[in-house]
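Here is how the chains run, residue by residue.
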Amino acid sequence: MTEETKRGDSRLLFIAGPCIIETEAATLGIAERLKAMTAAFDVDFVFKASFDKANRTSIGAFRGPGLAEGLRILARVKRELGLPVLSDIHEPTQAGPAAEVLDYIQIPAFLCRQTDLVVEAARTMKPVNIKKGQFLSPQDMRYVIDKAASTGNKQLLLTERGVSFGYNTLVVDFRSLSVLAEYGYSVIFDATHSVQIPSQGGVSSGNREYVRPLARAAAAYGIDGLFCEVHPNPPEAKSDGANSLYLDSVPELLREVLAVRNALTEG
């Protein structure tokens, strides 16, 4: 198990970036600003952006540049800015090419029970961030973990992103963080997807105003990492704008989360 995936690391793992790669210039610009912002804080920053969003609500929704072009852009972020990069894969055949560029491979929440996808991602021996499905109990994540760990890969991260409550509503059950922690891997809280309102007239909406309070609560509860989607102008974002944070709000978010975390340590 690497330092990045071991529970109890004193530094917060901060995974952040736009939901989707919109343009090369925009992606590089967001990554550069996040690098400068996070340098002032005691965090390990990983840049996140999706090369393809294969789970969009509508057939006409923007999906991104695709595997080859998206990985090229992320490789440039990695090379020019010296940042570790993360993106999600949707098909087992994407695992190999993705591992040539990505430092972390992510399994989308909707696909966390897809055995072949989870196993192929883990076979790369890269750290794999597995998002717990909105439909899945934290206890059932043990079977997902077993699939990934069957490859010998112990570099796993487990991300809580809210659970379905009836139709078109997500809620956060913080008890899930305790259950996930029992498996011995780093526990990440996805603060922005947890406030998503799925499928509102063909697109997802969200309650951005709840991101910071939930992030503070998760820090108080005890997490190893925080996941946030951010954008310079969320209302103009091509995916997940309603639940994405304004990029300029990242320093304030980190100050609050780290203050809570440090208070617990000092206590």
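The structure under discussion appears in the preceding block.
As the structure is a prediction and not an experimental result, all values here were calculated from the model.

K.L.:
Explain the packing of aromatic side chains to me, and be specific about the residues and the numbers.
P.N.:
Inspection of the entire model under this criterion finds three aromatic pairs. Between Phe-14 and Phe-45 the ring centres are 6.2 Å apart and the planes differ by 35°, which places this aromatic pair in the tilted class. Highlighted residues: Phe-14 in strand E1 (residues 12–17) and Phe-45 in strand E2 (residues 43–48), separated in sequence by 31 residues. Taken together, the ring pairs in this structure connect Phe-174, Phe-189 and Tyr-221 into an aromatic cluster. In this structure, Lys-131 packs its charged tip against the face of Phe-227, placed 3.9 Å from the ring centre.

K.L.:
I'd like to hear about the state of the cysteines, residue by residue, with values.
P.N.:
With the rule as written, the count across this model stands at zero disulfides. Looking at Cys-19, it has no disulfide partner, and the nearest cysteine sulfur is the one in Cys-228, 13 Å off. Classification of Cys-228 as buried rests on a relative accessible area of 1%.

K.L.:
Which residues make up the environment of Phe-14, and what values go with them?
P.N.:
A relative accessible area of 0% means that Phe-14 is categorised as buried. Separated by 221 residues in sequence, Phe-14 and Pro-235 have C-alpha atoms that sit 23 Å apart. Ignoring anything within four residues of it in the chain, the contact list for Phe-14 reads Thr-38, Val-43, Asp-44, Phe-45, Val-46, Leu-226, Cys-228, Val-250, Leu-253 and Leu-254.

K.L.:
Summarise the pairing of strand E4 (residues 104–107); cite the residues concerned and give the values.
P.N.:
Burial of the side chains of E4 extends over both faces: Tyr-104 and Gln-106 are buried on one face and Ile-105 and Ile-107 on the other. The pairing of strand E3 (residues 85–88) with E4 spans three bridges and is parallel. Its bridge partner lying in E4, Leu-86 is registered against Tyr-104. Where E4 meets strand E5 (residues 128–131), three bridges bridge the pair, whose relative direction is parallel. By the bridge assignment for E5, Gln-106 is matched with Asn-129. For the segment spanning E4, helix H4 (residues 115–123) and E5, crossover handedness is right-handed.

K.L.:
A description of the pairing of E5 should follow, citing residues and the corresponding values.
P.N.:
Burial of the side chains of E5 extends over both faces: Val-128 and Ile-130 are buried on one face and Asn-129 and Lys-131 on the other. Of the strand pairs in this sheet, E5 and strand E6 (residues 156–160) are connected by four bridges, and their pairing is parallel. Counterpart to Asn-129 in the pairing with E6 is Leu-157. The β-α-β motif built from E5, the intervening helix H5 (residues 141–149) and the parallel element E6 has right-handed crossover chirality.

Parameters and conventions
- Residues numbered from 1 in each chain as written.
- Predicted model: local features only at pLDDT ≥ 70, side-chain atom pairs only at ≥ 80, totals over all residues.
- Heavy atoms only, no water.
- Phe/Tyr/Trp six-rings, centres within 6.5 Å; stacked < 30°, edge-to-face > 60°.
- Helix = DSSP H or I, 4+ residues; strand = E, 2+ residues; numbered from the N terminus.
- Lys NZ or Arg CZ within 6 Å of the ring centre and 35° of its normal.
- Disulfide = S-S within 2.5 Å.
- Buried < 20%, exposed > 50% of the residue type's maximum accessible area, 1.4 Å probe, protein only.
- Contact = heavy atoms within 4.5 Å.
- Pairing = 2+ DSSP bridges.
- Right-handed = clockwise from strand over helix to strand, strands pointing away.

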